[in-house]
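Residue-level structural notes
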Amino acid sequence: MLLGNSEGKLDRYICLIERKGDHAIFLYSSTRVPCMIADDLSLEVVFPVDTNLQYTTDGPKKGQSLKCLLGLRTKDKNIHIELNSDGSSQKFFLELKRTASMYSVTSSMGLPSSFSWLEKYHTLIKGSSPPPPEKDNPFANDVFDPLRYMNVDPAPPEAVPAKKIEAPSFNADRDSGSSEEATTSGETTPYSFENNFTDSILVDDMPTNLRKTLSKDSLDNLDESDMTDSLSRITNQLGIGGSGVEFVEGIKPATGRENIVRHLMNQREDEFTHKETLKVFCGTWNVNGQSPLPGSSLRKWLDVDHECPDIFAIGFQELDLSNQAYIFSDSAKEKEWLTAVRKSLPSKSLYKKVKLIRLVGVMMIVYIKEKYAHKVHFVDSDYVATGIMGIMGNKGGVGVRFTIQGTSICFINSHLAAHQDEFERRNQDYRDINSKMRFKQFVPPLQTREHDVLFWIGDLNYRINDLEINKVKALIEKQQFRDLRSYDQLHRQLGRTDVFEGYQEGDLDFQPTYKYDTGTDNWDTSEKSRAPAWCDRVLYKGPDIRLKAYRSHQSLKVSDHKPVSALFDVDIKIIDEEKSKRVYEDIMKQLDRLENEFLPQVKLSKTDFVFQDLKFMETEIQSLIVENTGQVPVTFEFIKKLDETSHCRSWMEVTPTQSVVVPGEGCEIQLKALVDENSVGKLSSGEDKVEDILVLHLHGGKDFFISFYLAV
């Protein structure tokens, strides 16, 4: 884009940044255009998208260049920006309009943002004033400090000098757990190995859902003032070299040849892969907005297997039922439950956190054993809100995907529509989450169905139909779960409709997990007296998955739901890099050989033509034979050379100028030379000569050069 000023137009990069549910426009200058590496970029201007920002957009005028104009104005800045009139500019305008409208809504509710996270960026702009000291908060000593509820950092971050930008690494340093657990001695616990895979700053095609409910993964003890991660994410999205972006295995292929290579590699994968079994734990719990009991542990849910699972996928629903959860990205409940999970992972093994993602009350955390961490690649996440008006995050799903060795795994945690009679609404929620979830690290974005292994967990909210509550409880009392399962709404649809098509579920050999009086094992005694149901489920899809255990955990009573877990053996493909390389090279040789065999191939009778005695108004004709020696039909034509208006001189005529020759046959081309009244003047004056080079071009093949000259 171009940024206009009094000195003319200067090239800039423009980004719309999301952070802590707020948005800001960043303008970067570059030492060269196009920008090649991240070091070329320097932050120049920051515009918070708030009520002080006025913007105007204007499309291209008729008869003028195809440019769009964007005006940005605040009390102290007024800038005009010229962008190309294409899809990306229109998308930028629409997203800017949406974020500005969203800020107006939240500010009208009395919950404006302080944009404190922008302070560290302002310090990097030349001539800007430093952030205000903490003492400038007039409410700091009040019993009720409103800034605590406004997405404000506890203290302004310090400025950090510019540094070389590097892509975030999977192998993060050890931390010491949550902030409460940090000690001066720097000791670590077995559950404290994590990754700094974070949604702190994103520059992408923002979905229409409210991103402010997405967790920023703020509990990983990240250095919030470190610019490395944020700027590298920006350069990654801009596609600037040196930002760690590579076209590597796992990203969807972009050409037909790459598709063929992948297909042939898949056909021969037995030659370079073997299988290794990993234990995968999937757990889900609707915690009804409650906090973990003080001094309690989740080990009776997460640490009940003889062998420690290799991968944990832990999902929560109704994590936070407060009104603030719909507005702010931070949640105290997130921190509480994350800490409880950390403390309850098996102490026999060391784990790293792959990803945490939260949509209001729907949260999922994925851990993997430390010894497998270096084998994990292409971690990505997404969410789909299906709640109020189809956009609010009180209902919906979150997803995390990654590739481990040669196997792609996707976990989805969802909270579907509630109430006994809303099973069709639940079905539609599933369809929306399944169809709309996209992992945007890939081009084009990867869909859930494009994974080798899928696990779908959560409070799916399916109920028991056509059975009175007393009969439901009687079957439970007799532990006749198989008979009761036949009345389950989800069981009636699995394998019979498009709902969770292809997914499987283990036998429901445990009593329903909903609804209990909180803190007890008693069924609901409230006025509504809801019937027991298996609301909380774990489904799976893919080959080489073996269910080892499927159970509920009745001893945990903090919620009106009981947690559920399932343990699986999953065979993943282990790639032998050397063998894989040899197979790949062999496939490439095969493709090259096939392509060469089916390239257009011809033989010319001669490539040099000599005119012995060319006289005025006397025609001299010579012949060129083009013989097809290949296996496919050949289309040829004579093409003009650079900066010339015709394929031959005015005194030359070629017939035919183009034709198709089938394999085994030939085509005779007549080359006629004639010096007439139109060409004799230039030839006599020396302005033109009786010499030329014709270019014979094969469609899909190479060019041949044919020379003509006069005998001396």
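For clarity, every value in this text was computed on a predicted model and none was experimentally measured.

So, how was this worked out
- Residues numbered from 1 in each chain as written.
- Predicted model: local features only at pLDDT ≥ 70, side-chain atom pairs only at ≥ 80, totals over all residues.
- Heavy atoms only, no water.
- Phe/Tyr/Trp six-rings, centres within 6.5 Å; stacked < 30°, edge-to-face > 60°.
- Helix = DSSP H or I, 4+ residues; strand = E, 2+ residues; numbered from the N terminus.
- Buried < 20%, exposed > 50% of the residue type's maximum accessible area, 1.4 Å probe, protein only.
- Lys NZ or Arg CZ within 6 Å of the ring centre and 35° of its normal.
- Polar contact = N/O pair within 3.5 Å; in protein donor to acceptor, adjacent residues only side chain to side chain.
- Contact = heavy atoms within 4.5 Å.
- Pairing = 2+ DSSP bridges.
- Axes fitted to C-alpha atoms, helices over the stretch in contact; angles between N-to-C directions.
- Core = buried A, V, L, I, M, F, W, Y, C linked by side-chain atoms within 4.5 Å.
- Arc of directions from axis to C-beta.
- Salt bridge = Lys/Arg side-chain N within 4 Å of Asp/Glu carboxyl O.
- Expected span 1.5 Å × (residues − 1).
- pLDDT = per-residue confidence, 0-100.

Looking now at the packing of aromatic side chains. Applying the stated criterion to the full structure yields 23 aromatic pairs. For the ring pair Phe611 and Trp651, a centre distance of 6.3 Å and an interplane angle of 85° mean the geometry is edge-to-face. You can see Phe611 sitting in strand β24 (residues 608-611) and its partner Trp651 sitting in the loop between β26 (634-639) and β27 (652-655), a full 40 residues away along the chain. Exposure remark for Trp651: the relative accessible area of 1% places this residue in the buried category. Here a set of aromatic residues connected by ring pairs shows up, and it is made of Phe402, Phe411, Phe455, Tyr540 and Phe568. One Lys or Arg, Lys77, reaches over the ring of Phe47 and ends 5.9 Å from the middle of that ring. The lysine or arginine in question, Lys562, covers the ring of Tyr516, its NZ or CZ lying 4.9 Å from the ring centre.

In this section: the side chain of Asp459. Position of Asp459 relative to the elements: it lies in strand β19 (residues 453-459). Only 3.2 Å separates the side chain of Asp459 from the side chain of His415, close enough to count as a polar contact. Apart from residues lying up to four places away in sequence, Asp459 is in contact with Thr284, Asn286, Gln317, Ser414, His415, Leu416, Cys535, Asp536 and His561.

Strand order in the open sheet formed by five strands is β24-β31-β30-β26-β28, and the pairing between neighbours is mixed. Taken across any chain shown, the strands that pair with only one partner, and hence form the sheet edges, are β24 and β28 (658-661). Averaged over all adjacent pairs, the angle separating strand axes in this sheet is 20°, with direction ignored. By the bridge criterion, seven bridges tie strand β30 (residues 691-698) to strand β31 (residues 703-710) in an arrangement that is antiparallel. By the bridge assignment, Leu696 is partnered in β31 with Phe704.

With that settled, consider the nonpolar core. Side chains of a nonpolar character, in soluble globular proteins, are inclined to be buried together. Counting residues in each nonpolar core, the largest one holds 48 residues, and the members touching the most others are Phe402, Phe411, Phe455 and Phe568. With six residues, strand β22 (residues 564-575) is the largest single contributor of residues to this core. Ignoring any residue separated from it by four or fewer positions in sequence, one finds Phe402 in contact with Ile311, Val354, Val366, Val376, His377, Phe378, Val379, Thr407, Ser408, Ile409 and Phe411. Formed by 28 residues, the second largest nonpolar core is a distinct cluster that contains Val626, Ile669, Val675 and Phe704.

Within helix α8 (residues 469-477) the residues assigned to the buried category are Val472, Leu475 and Ile476. Relative to the axis of α8, the buried residues are bounded by an arc of 100° and lie together on one face. Exposed side of α8, more than 90 degrees from the buried face: Asn470 and Glu477 are the residues found there. Looking at the buried side of α8, the elements it contacts are α9 (481-485).

This part takes up the pattern of salt bridges. Evaluation of the coordinates by the stated rule reveals 27 salt bridges. A salt bridge links Lys562 to Asp521; the shortest N-O distance between them is 2.8 Å. Pair noted here: Lys562 is in the loop between β21 (545-552) and β22 and Asp521 is in the loop between α10 (489-493) and β20 (536-541), with a separation of 41 residues, a long-range link. Among the residues examined, Lys562 registers a relative accessible area of 0% and is labelled buried. With a relative accessible area of 37%, Asp521 lands in the partly exposed category. Salt bridges sharing common partners tie together Lys641, Glu644, Arg649 and Asp692.

With that settled, consider the sheet that holds strand β25 (residues 620-628). Strand order in the open sheet formed by four strands is β23-β25-β29-β27, and the pairing between neighbours is antiparallel. Each having just a single partner strand, β23 (602-604) and β27 make up the two edges of the open sheet. The average undirected angle you get between the axes of adjacent strands in this sheet is 20°. Pairing of β25 with strand β29 (residues 666-673), which is carried by eight bridges, proceeds in the antiparallel orientation.

All right, on to helix α11 (residues 577-597) then. Residues spaced three or four apart along an α-helix point in a common direction, a consequence of the helix completing one turn every 3.6 residues. In a regular helix each residue adds 1.5 Å, so 21 residues correspond to 30 Å; α11 covers 30 Å between its end C-alpha atoms and thus fits that length. Residues of α11 that are buried: Ser580, Val583, Ile587, Met588 and Leu591. An end-on view of α11 places all buried positions within 140° of arc, on one side of the element. Exposed positions of α11 whose direction lies more than 90 degrees from the buried face are Glu578, Arg582 and Lys589. Regarding α11, its N-cap is Asp576, as a side-chain oxygen of that residue lies 3.2 Å from the backbone nitrogen of Glu578 further along.

For the rest of this paragraph, the subject is the confidence of the model for the chain. Averaged over every residue, the pLDDT of the chain is 79; residues scoring 70 or more account for 76%. Contacts from residues 133-253, a stretch scored under 50 in pLDDT, to residues over four places away or in other chains number 270 contacts.

Here we take up the environment of Ala418. Inspection of the secondary structure assignment puts Ala418 in the loop between β16 (407-415) and α7 (423-436). Taking the relative accessible area as the measure of exposure, Ala418 reaches 22% and is therefore partly exposed. Taking the C-alpha atoms as reference, Ala418 lies 9.4 Å from Cys535; in sequence the two are 117 residues apart.

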